[in-house]
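# Chain and residue survey
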Amino acid sequence: MAPTLSFLVLSLLAVASSEESSNEEAQPLSKEEHTARQQELLTKHASQNDVQVLESGLQLRVLEQSTLENVTKPCEFCPIVFSLNASVLGEDEPFWWFDEKTYRPSDVRIPGLSIALLEIRAGEKVEVVIPPSLAFGEHKKGAVPANSALNITVHLISVGEETTYFDVAWRHIRGNPLVIMFLLYVVKKILDHYLLGDDEEKDSSKVTLAEMESEKNPRVFAEFSINGGASKRIVLELFGTTFPYQTKVIRAVFTPSSRLKGSTVQYIKSDSMFQVGNASRRLDIPKWEEESKKIRTTHFSAFLLTARVEKGDKCQYYITTAGNTKLDEDYTVVGQVKEGVDVAKEINDLGSIAGKVHGSIKITQCGELKTKST
């Protein structure tokens, strides 16, 4: 009985010891411990006699020499056929593997592997050890912890002729008639634009900025007090000879008795325009739209008076401070700044991309100046 009891006790102690040992082994390393272990393994691997350490930090070891007659190295854009087995350095379980896939070195997402593929000759089987800085760095990638060195076995089977991204794209395009039709359409539109001009340019019913300018056009002004300072004037030419109805509306807006005087600038979009106070006005929409059809906004840029219909039949006015493609969609050009460009720039500097006004800007006076037509 005694020997049997002793044997059972020893067996139980051995099982307990084994469980404790396995629990210790199962405990994952901390990030710092893992980083230190990887550096230790890199140093140990680099010290081996048959390992070549490149200037980049890559470590290469040829496992099998090439038996091919024409032994060549790949280029960055050469299609290559190779097999691969990749694991974290010091571990046996692979996280990535494949047999005979075609890639170009420039398309490989792991920087160290992309560099290594340029150093391997066709037919060779090479062990590549990649330091963390040329692998995934400080980022965890799937089953690969952060700061991991990679151990990759590459068998380079064949190297093709150099190709470019254009060659690859053309192989996909030439077999797809829909893509070819789309590209032909794009080319046609480009040629139409640069050789013939836009449809709007060929429409003689539309007018240019130079055609709208005239000494007979009425001029209005608004004086702005910026942050309580002295009033500064902006003079606007209205394109009255071209757009009589719109000009009539604007002249009424800029009379000293209108709501414009005493109002404040509440919207300044620093990359494009600012609102000219509270100057909304009811419109005869059919007349407004009829005149607006004549305007070719694609040629207009900064320091123009623009109008936008808002809330059904009311209009709000803005002065542009830069070229703005939105003019093509929502805004109508009704005049331009003739004097006070520096004032417009000063107002624009108090805005933001979102349109918020940083300061106080008040319209202290407004009115109409005498011209040859008034």
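The shown structure was predicted, so the numbers you read here are calculated from the model rather than taken from an experiment. (Residues numbered from 1 in each chain as written. Predicted model: local features only at pLDDT ≥ 70, side-chain atom pairs only at ≥ 80, totals over all residues. Heavy atoms only, no water.)

## Section: unusual backbone geometry
Within the chain, Glu-100 stands out as a residue other than glycine whose phi angle is a positive 55°. The phi dihedral of Asn-227 is positive, around 55°, even though this residue is not glycine. Among the secondary structure elements, Asn-227 is positioned in the loop between β7 (219-226) and β8 (231-238). (Helix = DSSP H or I, 4+ residues; strand = E, 2+ residues; numbered from the N terminus.)

## Observations concerning the sheet that holds strand β5 (residues 125-130)
Taken together, the 6 strands give an open sheet; going across it, the order is β1-β2-β5-β6-β3-β4, and neighbouring strands pair in antiparallel fashion. The sheet terminates laterally at β1 (52-53) and β4 (94-103), the two strands that pair on one side only. Sheet analysis places strand β2 (residues 59-64) next to β5, joined by 5 bridges and oriented antiparallel. Across the sheet, residue Gln-59 finds its bridge partner in β5, namely Val-129. Packing against the sheet, helix α2 (residues 31-46) makes contact with β1, β2, β3 (80-88) and β5, and its axis sits at approximately 55° to β2. (Pairing = 2+ DSSP bridges. Contact = heavy atoms within 4.5 Å. Axes fitted to C-alpha atoms, helices over the stretch in contact; angles between N-to-C directions.)

## Brief notes about the pattern of salt bridges
The tally for this structure, following the rule as stated, stands at 9 salt bridges. In this structure, the salt-bridge partner of Glu-346 is Lys-232, at a minimum N-O distance of 2.9 Å. Within this pair, whereas Glu-346 is found in helix α10 (residues 341-348), its partner Lys-232 is found in strand β8, the two being separated by 114 residues in sequence. Each of the salt bridges in this network shares a partner with another, and the network as a whole consists of Asp-50, Arg-61 and Glu-127. (Salt bridge = Lys/Arg side-chain N within 4 Å of Asp/Glu carboxyl O.)

## Considering the packing of aromatic side chains
On inspection of all chains with the given rule, the structure shows 6 aromatic pairs. Here Tyr-267 and Tyr-318 contribute two aromatic rings whose centre-to-centre distance is 6.3 Å and whose plane-to-plane angle is 80°, an arrangement assigned as edge-to-face. Taken together, the residues span a long stretch of sequence, with Tyr-267 in the loop between α8 (244-253) and β9 (268-269) and Tyr-318 in strand β13 (residues 314-320) at a distance of 51 residues. In this structure Tyr-267 comes out as partly exposed when scored by relative accessible area, which is 28%. Taken together, the aromatic side chains of Phe-82, Trp-96, Phe-98 and Tyr-103 make up a single cluster linked through ring pairs. When the ring centre of Phe-221 is taken as reference, the NZ or CZ atom of Arg-233 above it lies at 3.9 Å. (Phe/Tyr/Trp six-rings, centres within 6.5 Å; stacked < 30°, edge-to-face > 60°. Buried < 20%, exposed > 50% of the residue type's maximum accessible area, 1.4 Å probe, protein only. Lys NZ or Arg CZ within 6 Å of the ring centre and 35° of its normal.)

## Details of the layout of surface pockets
The computed volume of the second largest pocket comes to approximately 160 Å³. What lines the second largest pocket is Asp-50, Gln-52, Leu-60, Arg-61, Val-62, Lys-73, Glu-119, Ile-120, Arg-121, Glu-124 and Val-126. In terms of residues, the lining of the second largest pocket owes the most to one element, β2, which gives 3 residues. Taken together, the residues that form the lining of the second largest pocket break down as 4 nonpolar, 1 polar and 6 charged. (1 Å grid on protein atoms, 1.4 Å probe; cavity = no way out; pocket = protein on both sides within 12 Å on 5 of 7 lines; lining within 4 Å. Points joined across faces, edges and corners; volume = space filled by probe spheres on them. Nonpolar A, V, L, I, M, F, W, Y, C, P; charged D, E, K, R; others polar.)

## Quick word on the pairing of β7
Of all 8 residues in β7, 7 are buried, a share of seventy percent or more. Across 8 bridges, the pairing between β7 and strand β15 (residues 361-369) is antiparallel. Within the sheet, the bridge partner assigned to Phe-224 lies in β15 and is Ile-363. Of the strand pairs in this sheet, β7 and β8 are connected by 7 bridges, and their pairing is antiparallel. Of the residues in β8, the one forming a bridge with Ser-225 is Ser-231.

## Structural notes on the confidence of the model for the protein chain
For the protein chain, per-residue confidence averages 82 on the pLDDT scale, and 80% of positions sit at 70 or higher. At the level of individual helices and strands, the protein chain shows its lowest average pLDDT in helix α6 (residues 199-202), which scores 44, and its highest in β5, which scores 96. With pLDDT under 50 throughout, residues 198-204 is counted as low confidence; its partners more than four residues away or in other chains account for 8 contacts. (pLDDT = per-residue confidence, 0-100.)

## Observations regarding the side chain of Asn-217
By secondary structure assignment, the location of Asn-217 is in the loop between α7 (209-212) and β7. Of the residues examined, Asn-217 reaches a relative accessible area of 0% and is grouped as buried. Among the polar contacts made by the side chain of Asn-217, one reaches the main-chain amide nitrogen of Gly-240 at a distance of 3.2 Å. A polar contact is formed between the side chain of Asn-217 and the backbone nitrogen of Thr-241, at a distance of 3.1 Å. (Polar contact = N/O pair within 3.5 Å; in protein donor to acceptor, adjacent residues only side chain to side chain.)

## A closer look at the pairing of strand β12 (residues 304-310)
Relative to strand β14 (residues 332-339), β12 runs antiparallel, the two being bridged by 4 bridges. Residue pairing for β14: Thr-306 is matched across the bridge by Val-333. Examined bridge by bridge, β12 and β13 share 6 bridges and lie antiparallel to one another. Residue pairing across strands places Arg-308 opposite Gln-316, the latter belonging to β13.

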